[in-house]
Amino acid sequence: MDDQTRMLASMGGLGGLSQADVGDPDSVRKQQSLGQPPQDIGDILQQIMAITDESLDEAQARKHALNCHRMKPALFSVLCEIKEKTVLSIRGVQEEDPPDPQIMRLDNMLLAEGVSGPEKGGGSAAAAAAAAAAGGSPNDGSIEHSDYRAKLAQIRQIYHSELEKYEQACSEFTNHVMNLLREQSRTRPISPKEIERMVAIIHRKFSSIQMQLKQSTCEAVMILRSRFLDARRKRRNFNKQATEVLNEYFYSHLSNPYPSEEAKEELAKKCAITVSQVSNWFGNKRIRYKKNIGKFQEEANLYAVKTAVDAANVSAQASQANSPATPNSGKVHRKKYK
DNA sequence: TTTAATGATTACGG
DNA sequence: CCGTAATCATTAAA
C-alpha cells in the first residue's frame with residue numbers, strides 16, 4: 001500500500017491539477033497517439049485528484065462516472081504501467097522465498113509427534129513409538145502413556161482449531177482486501193497482478209503468524225514429552241524386596257561390587273527391573289558407599305549377618321537335601337568371574 | 001515445610 | 001559402552 005500512497009502523492013506533485021502536461025511525457029504521448037486531446041486526460045486526472053475532497057455520495061457518483069468514462073481502460077493501463085515501473089525496485093526485494101528451513105523443521109517435528117498430519121491413528125502410533133523409543137518401562141507405562149496421549153490429543157486439538165481460525169481469518173482478510181482493491185481500482189491504477197501480489201503478501205504475513213503457533217505447539221509438545229518421558233520426573237522407588245536383593249548382592253561382593261552382565265540380568269529378573277536400572281543402582285550404590293562408608297556400616301552389617309544366616313540355611317538345607325519353601329532366600333550364586 | 005534418600009541423567013575419561 | 005562423579009527431580013521421612 002505504501003507504493004500506492006506514494007503514487008498518489010507523486011501524482012499530486014506532478015499534477016498542477018490543470019496543466020496539460022500532466023504526468024509522464026510517455027503517457028501523454030501515448031494518449032495523443034490514440035488520438036485523444038490532452039485536455040481530456042487532464043480533466044479526468046483532475047477529477048480523480050479532487051475526489052477525496054468531495055462528500056461520500058458525491059465521490060461515489062463520481063467514481064462510477066469515471067469508471068464508465070470511455071478513456072478509463074486506456075488511462076488505467078497506462079497508469080498501471082507507470083506504477084509498475086515505479087515499484088519495480090520494491091518488488092524485486094521479496095520474490096518467492098524458498099521454504100523457510102525453520103518452518104520446515106517445525107512442520108517435520110509436528111508431523112513426527114503426530115500433532116499435524118493424518119488423524120488419530122497416525123498420532124497415537126507416533127506417540128507409542130516415541131514412548132517405546134525412550135526406553136519406556138514396561139511396567140507402569142500404560143497409565144502414563146494414556147495420560148500422555150490424552151494431553152497430546154488436547155494439544156493437537158488446540159493446534160488444529162487455532163490453525164483453522166487463522167486460515168479463516170486469513171481468507172476473510174484476503175477477501176476483504178481483494179474487494180477493497182477491486183473497488184479502488186475503479187479510481188486508482190491497481191492492476192490484477194498487483195492484487196495478486198498483495199494477496200501473496202497477506203499470505204506470507206499470516207503464515208508467519210502460523211509459524212508462531214507451530215513454534216508454541218512444538219514447545220508444548222516438548223514440555224509434555226519431558227514431563228512424561230523423562231523418567232526422573234516419574235521416579236518410583238524400588239520395592240522393598242528388590243532393594244533387599246540388590247543390597248544382598250552388593251554387600252556380599254563388597255570387595256568387588258561389579259556384577260557381570262549375566263549377574264545383572266539375573267538381578268534384574270529377580271527385582272523386576274531393567275538391566276540398566278540394575279547398573280544405575282550399582283553405580284549409585286558404589287559411589288555413595290565410597291563417599292561415606294560410615295553411614296552404610298549399619299546396613300553392611302545387617303546384610304552381612306543376613307547372608308551369613310542364608311548361607312547357614314543353605315548349608316543346613318543342603319545337608320537335609322531339602323528346599324521347598326522360602327522363595328525369597330537369595331541364593332548365593334557361585335560366580336564364575338574373577 | 002524442610003531434609004534425607006534415591007533413581008535417573010549428564011559430562012567426561014578409558 | 002562402562003565406570004565415576006556431580007547433579008537433577010522426585011519421594012519418603014523428619
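Not measured: the values here are computed from a predicted model.

## With respect to the confidence of the model for chain A
Link 1 in the chain: In this model, chain A carries an average pLDDT of 73, and 66% of its residues clear a pLDDT of 70 or more.
Link 2 in the chain: Within chain A, helix α1 (residues 2–15) has the poorest average pLDDT of any element, 41, and helix α13 (residues 275–291) the best, 96.
Link 3 in the chain: For the stretch residues 322–338, pLDDT sits under 50, and the model shows 15 contacts to residues farther than four places along the chain or on other chains.

## Observations regarding the nonpolar core
Link 1 in the chain: One finds L246, F250, Y251, L267, C271, V278 and F282 to be the most contacted residues of the largest nonpolar core, which totals 18 residues.
Link 2 in the chain: Elements with a contribution of two residues or more to this core: α11 (240–252), α12 (261–271), α13 and α14 (293–320).
Link 3 in the chain: Counting residues per element, this core draws most heavily on α11, which supplies six residues.
Link 4 in the chain: Setting aside residues no more than four positions away along its own chain, F250 makes contact with P257, W281, F282, K285, R286 and Y289.
Link 5 in the chain: I155, L213, C218 and V221 belong to the second-largest nonpolar core, a separate cluster that totals twelve residues.

## So, the environment of M109
Link 1 in the chain: Tracing the sequence through the fold places M109 in helix α7 (residues 101–112).
Link 2 in the chain: Classification of M109 as partly exposed rests on a relative accessible area of 22%.
Link 3 in the chain: Discounting chain neighbours no more than four positions away, the residues touching M109 are C218, V221 and M222.

## Considering the protein's contact with DNA strand C
Link 1 in the chain: Around DNA strand C, the surrounding shell holds twelve residues, and the nearest of these are R235, Y258, R286, I287 and K290.
Link 2 in the chain: Sugar plus phosphate: this is where 82% of the atoms of DNA strand C within 4 Å of the protein reside.
Link 3 in the chain: Interatomic distance of 2.6 Å between a side-chain N/O atom of R286 and a phosphate oxygen of DNA strand C.
Link 4 in the chain: Here R288 contributes a side-chain N or O atom positioned 3.4 Å from a base oxygen of DNA strand C.
Link 5 in the chain: Among the elements that make up the surface near DNA strand C, the one with the highest residue count is α13 (five residues).
Link 6 in the chain: Residues of the surface near DNA strand C, tallied by class, amount to two nonpolar, one polar and nine charged.

## Some points on the packing of aromatic side chains
Link 1 in the chain: One pass over the full model with this rule turns up ten aromatic pairs.
Link 2 in the chain: Between Y251 and Y289 the ring centres are 6.0 Å apart and the planes differ by 70°, which places this aromatic pair in the edge-to-face class. With Y251 in helix α11 and Y289 in helix α13, the pair connects residues that are 38 residues apart, well separated along the chain. Considered together, Y251 and Y289 belong to a single accessibility category, that of buried residues.

Quick notes on the rules
Residues numbered from 1 in each chain as written. Chains lettered and ligands numbered in written order. Predicted model: local features only at pLDDT ≥ 70, side-chain atom pairs only at ≥ 80, totals over all residues. Heavy atoms only, no water. pLDDT = per-residue confidence, 0-100. Helix = DSSP H or I, 4+ residues; strand = E, 2+ residues; numbered from the N terminus. Contact = heavy atoms within 4.5 Å. Core = buried A, V, L, I, M, F, W, Y, C linked by side-chain atoms within 4.5 Å. Buried < 20%, exposed > 50% of the residue type's maximum accessible area, 1.4 Å probe, protein only. Near = heavy atom within 4 Å. Polar contact = N/O pair within 3.5 Å; in protein donor to acceptor, adjacent residues only side chain to side chain. Nonpolar A, V, L, I, M, F, W, Y, C, P; charged D, E, K, R; others polar. Phe/Tyr/Trp six-rings, centres within 6.5 Å; stacked < 30°, edge-to-face > 60°.

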